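Here is what each chain is made of, one letter per residue.
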Amino acid sequence: MTFLEERDANGNFSKAFYDSSDHDLSSRTNIAGIPHSSAGLEKKRDSFDTKGFAGTEIIEVSADDRTRRGQYYVGKRRSTSRLLRVLQLLIRVFLPTGYPDSVTSDYIDYQIYDSIQAFASSISTLLGNRAILTSVGVGDKDATSTSALFITVIQETFGRLATITFAWRFGSMLEQECKKFRFSADLVVNAGIICDCLSPYFPGNRSVKILFLCCSGVLKAICGVMANGSKAALTQHFTNSQKGSIADVAAKDSSQETVISLLGLLAGSVLVPYINTNKEIWTMLIILITIHLFTNYRAVSSVVMDTLNRHRTNIVFAHLMDSMSPGMMESDFLNQPPVLPSVILTPRQVSNQERILEQDGVLRWGSRGAVMGIATIGTFSAVRRILPHGMSIQDLLSIFGHGAAGYVLWYETSRVRGRSSKHVTVRIALIERSNDDSPTSDLTYYGPKSSGTGTSPPYGQVDTREVRAWVHALYLARHVRALHNGTGESNSITSARDNVIRTLHLVDGLFGPTGRVIEALGIRGWDLTGGRTMIVSWSMPRMRVRDSLSEHDEKGNI
């Protein structure tokens, strides 16, 4: 007797047939008693043969071979389901809960490249560790364990001092420039691995050997600070604030890194014993470092940051100015919100132009333009030091509305050796009025305006003084350079004052009371909520300005 089962693509039971005469296909009938012709069965079998499990499935089980043929067909479907269950398990174990909705769209691209670079780094680290063991005396009958311990203590001491020093000096900049520091961390750690591999080449010179190992410890410690700090900033960026958890994203990233590092160690354990000669060691090390740096560069390049730091501000506002004709600034252009967002670059467009290793504080017109100068945000005394003779503090404050602008700045020019153009240095100080209890002019509504019901805008308020100050410095440097490259510029106080005032009016046109630029930035996808601008990377002192400019007190008020 022959049994036939018909199931749909999902494996659900549909019909059952049996053959009472065992070989006569024409006498096969349905369980319900409906006869089926052999032609119909053969047609269904042809459909199954050509379409596989996507079409109607017919399983034929003979009485003498029922177990084997049943396992063949059913087992094939079960193996597919088992593979799906394994993939779902891996997703739950290694990807954040709720993926992909719990993270940003650039998360998976970054993780793929980051996993490849971690694999290559694990193997190169094995080569470095083997060199360290050789340096401290493993395999040398004259070396002692005390000597090896002494070298290790010195290396760890220098490394921990480097950790404290670097975190103190650059810790506040890691979030602002997380992409640059994430890539720089791998540059530094590879330099440390190279120092490890160089240390065994000086077996008779203990001082040189210790020097290389101490340099390696310092570089790896610096890498740890940069990598951990920048990873924290990237984790915050990747996490969807509404659906995701920063802790979960960080934990799953740690799990991924653990598995990849383990696979790298296993692969390195098989590969390293066959790499013994100097040529083999350095060839393999160069290959691994190249893969490591290339994939890490692709990883950080795939990240689309939606916050404005100094470099991204240069790109956005240089493109904004290039997209506007000179006469538009005096027209009603800024009061047309549908027009202004169209000339502002989106975070992804800026990411495609962003320089990973851009120098901090550089005033560059766009991403490919020449460096016009440099700007620093510091104390009021730094601005006062570059004021020309004959210009008082009261004159400077009067230009910026006695603190109403939220900042003051001044500039100086210097000749760059080998270049005809001048280098512009801009000093900026953030200030605030001590007697102004009302909302300050530099608090700009971000997002759709309230409808007069008294409710706050959905995106809150943004302190724009940092962005305004930086944009002012950018436009000022561009204006001064244009004058120098044209008919020349007088170095008089009047000329410098006119340059500052003219560019200030330009900035006021962009950051007016209506807040059109800030609103347009939000429309284009930039996140400015909660003051999330990365212009100032540390807590800078704000000078307080009184109405009476002659008063000074012990708090530094002016």
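One can find the structure itself at the top, above this paragraph.
Residues numbered from 1 in each chain as written. Predicted model: local features only at pLDDT ≥ 70, side-chain atom pairs only at ≥ 80, totals over all residues. Heavy atoms only, no water.

**Thoughts on the overall build of the protein**
A tally of helices and strands in the protein yields 15 helices and 13 strands. Looking at the 558 residues of the protein, the share that counts as buried comes to 44%. Partitioning the intrachain contacts of the protein with sequence separation of at least 6 by distance along the chain shows that 72% fall at a separation of at least 24. Summed over all atoms, the accessible surface of the protein reaches about 28500 Å², with 57% contributed by carbon and sulfur. (Helix = DSSP H or I, 4+ residues; strand = E, 2+ residues; numbered from the N terminus. Buried < 20%, exposed > 50% of the residue type's maximum accessible area, 1.4 Å probe, protein only. Contact = heavy atoms within 4.5 Å. Areas by Shrake-Rupley, 256 points an atom, 1.4 Å probe, with all protein chains shown as cover.)

**Points about the pairing of strand E7 (residues 371–378)**
Across three bridges, strand E6 (residues 362–364) lies against E7 in antiparallel orientation. Opposite Arg-364, over in E7, you have Val-371 as the bridge partner. The hairpin turn running from E6 into E7, its antiparallel successor, is six residues long, and Gly-366 in that turn takes a positive phi close to 80°. (Pairing = 2+ DSSP bridges.)

**Here's the deal with helix H5 (residues 178–198)**
Helical geometry: 3.6 residues make up each α-helical turn, so side chains three or four residues apart lie on a common side. For H5, built from 21 residues, the straight-helix expectation of 30 Å at 1.5 Å per residue is met to within 8% by its first-to-last C-alpha distance of 30 Å. Within H5, 17 of the 21 residues are buried, which leaves the element mostly enclosed by the surrounding structure. (Expected span 1.5 Å × (residues − 1).)

**Quick notes on the nonpolar core**
Judged by nonpolar contacts, the single largest core of 62 residues is most densely connected at Phe-317, Phe-400, Trp-410 and Leu-521. In terms of residue count, the dominant contributor to this core is helix H13 (residues 465–485) (10 residues). Once residues within four sequence positions are removed from consideration, Phe-317 is found in contact with Val-467, Val-471, Leu-474, Tyr-475, Leu-510, Phe-511, Val-517 and Leu-521. Core analysis: the second largest hydrophobic core is formed by 14 residues, Phe-166, Ala-185, Ala-221 and Ala-227 among them. (Core = buried A, V, L, I, M, F, W, Y, C linked by side-chain atoms within 4.5 Å.)

**A word on a nonpolar patch on the surface**
A surface patch of nonpolar side chains, amounting to about 440 Å² of accessible area, comprises Leu-83, Leu-84, Val-86, Leu-87 and Leu-90. Structurally, the position occupied by Leu-83 is in helix H2 (residues 66–94). (Patch = residues over 30% accessible without salt bridge, like charges linked within 9 Å, V, L, I, M, F, W, Y side chains within 5 Å. Salt bridge = Lys/Arg side-chain N within 4 Å of Asp/Glu carboxyl O.)

**Points about helix H14 (residues 493–510)**
Taking 1.5 Å per residue, 18 residues should reach 26 Å; H14 reaches 26 Å between its end C-alpha atoms and fits that length. All buried positions along H14 are accounted for by Ser-495, Ala-496, Asn-499, Val-500, Thr-503, Leu-504, Val-507 and Leu-510.

**Thoughts on the packing of helix H3 (residues 107–136) against helix H8 (residues 278–301)**
H8 packs onto H3 with a crossing angle of 155° between their chain directions and a minimal axis gap of 8 Å. Between H3 and H8, the crossing angle belongs to the class labelled roughly antiparallel. The way H3 lies across H8 gives a crossing that is left-handed. When H3 is examined against H8, the residues Tyr-110, Tyr-113, Asp-114, Ile-116, Gln-117, Ala-120, Ser-121, Ile-123, Ser-124, Leu-127 and Arg-130 are found in contact with a partner set consisting of Ile-281, Met-284, Leu-285, Leu-288, Ile-291, His-292, Thr-295, Asn-296, Arg-298, Ala-299 and Val-300. Along the lines of polarity and charge, the residues of the contact of H3 with H8 split into 13 nonpolar, six polar and three charged. (Axes fitted to C-alpha atoms, helices over the stretch in contact; angles between N-to-C directions. Parallel < 35°, antiparallel > 145°, perpendicular 65-115°, else oblique. Left-handed = near helix turned anticlockwise from the far one by under 90°. Nonpolar A, V, L, I, M, F, W, Y, C, P; charged D, E, K, R; others polar.)

**Side note on the pattern of salt bridges**
As a working rule, side chains carrying opposite charge can pair if their charged atoms are close by. Applying the stated criterion across every chain yields a total of 11 salt bridges. A salt bridge links Glu-354 to Arg-312; the shortest N-O distance between them is 2.6 Å. Residue Glu-354 is found in the loop between helix H10 (347–353) and E6, and its partner Arg-312 is found in helix H9 (residues 310–322); the two are separated by 42 residues along the sequence. An identical accessibility class is assigned to Glu-354 and Arg-312; each is buried. Counted as one network, the salt bridges with shared partners bring together Asp-114, Arg-182 and Asp-186.

**As for the environment of Leu-149**
Here Leu-149 is to be found in helix H4 (residues 145–170). Along the primary structure Leu-149 and Val-136 are separated by 13 residues, whereas in three dimensions their C-alpha atoms are 8.3 Å apart.

**Focus: the packing of aromatic side chains**
Per the counting criterion, the structure on display carries 11 aromatic pairs. An angle of 80° between the planes, with centres 5.5 Å apart, marks the rings of Tyr-107 and Phe-238 as edge-to-face. Remark: Phe-238 occurs in helix H6 (residues 206–238) and Tyr-107 occurs in helix H3; sequence separation between them is 131 residues. Given a relative accessible area of 3%, Phe-238 falls into the buried group. Each member of the aromatic cluster is reached from another via a ring pair, and the members are Tyr-99, Tyr-107, Tyr-110 and Phe-238. Directly above the ring of Phe-170 sits Arg-169, whose terminal nitrogen or CZ lies 5.0 Å from the centroid. Directly above the ring of Trp-365 sits Arg-478, whose terminal nitrogen or CZ lies 4.2 Å from the centroid. (Phe/Tyr/Trp six-rings, centres within 6.5 Å; stacked < 30°, edge-to-face > 60°. Lys NZ or Arg CZ within 6 Å of the ring centre and 35° of its normal.)

**Notes on unusual backbone geometry**
Cis peptide bonds are those with omega within 30 degrees of zero, and the linkage from Tyr-99 to Pro-100 qualifies with 5°. Its place among the elements puts Pro-100 in the loop between H2 and H3.

**Quick word on the environment of Ile-222**
Within the fold, Ile-222 resides in helix H6. Along the sequence, Ile-222 and Arg-160 sit 62 residues apart, while their C-alpha atoms lie 9.2 Å from each other. Each residue touching Ile-222, except ones within four places of it in the same chain, is listed here: Ala-162, Phe-166 and Val-188.

**With respect to the environment of Arg-310**
When you line up the elements, Arg-310 lands in helix H9. Considering only alpha carbons, one finds Arg-310 and Asp-360, 50 residues apart in sequence, at a separation of 7.8 Å. The residues contacting Arg-310, other than those within four sequence positions of it, are Gln-176, Asp-360, Gly-361, Ala-375, Ile-377, Trp-470, Met-534, Ile-535 and Val-536.

**With respect to the state of the cysteines**
In this structure the tally under the stated criterion is zero disulfides. Residue Cys-214 stays outside any disulfide, its sulfur separated by 7.2 Å from that of Cys-215, the closest cysteine. (Disulfide = S-S within 2.5 Å.)

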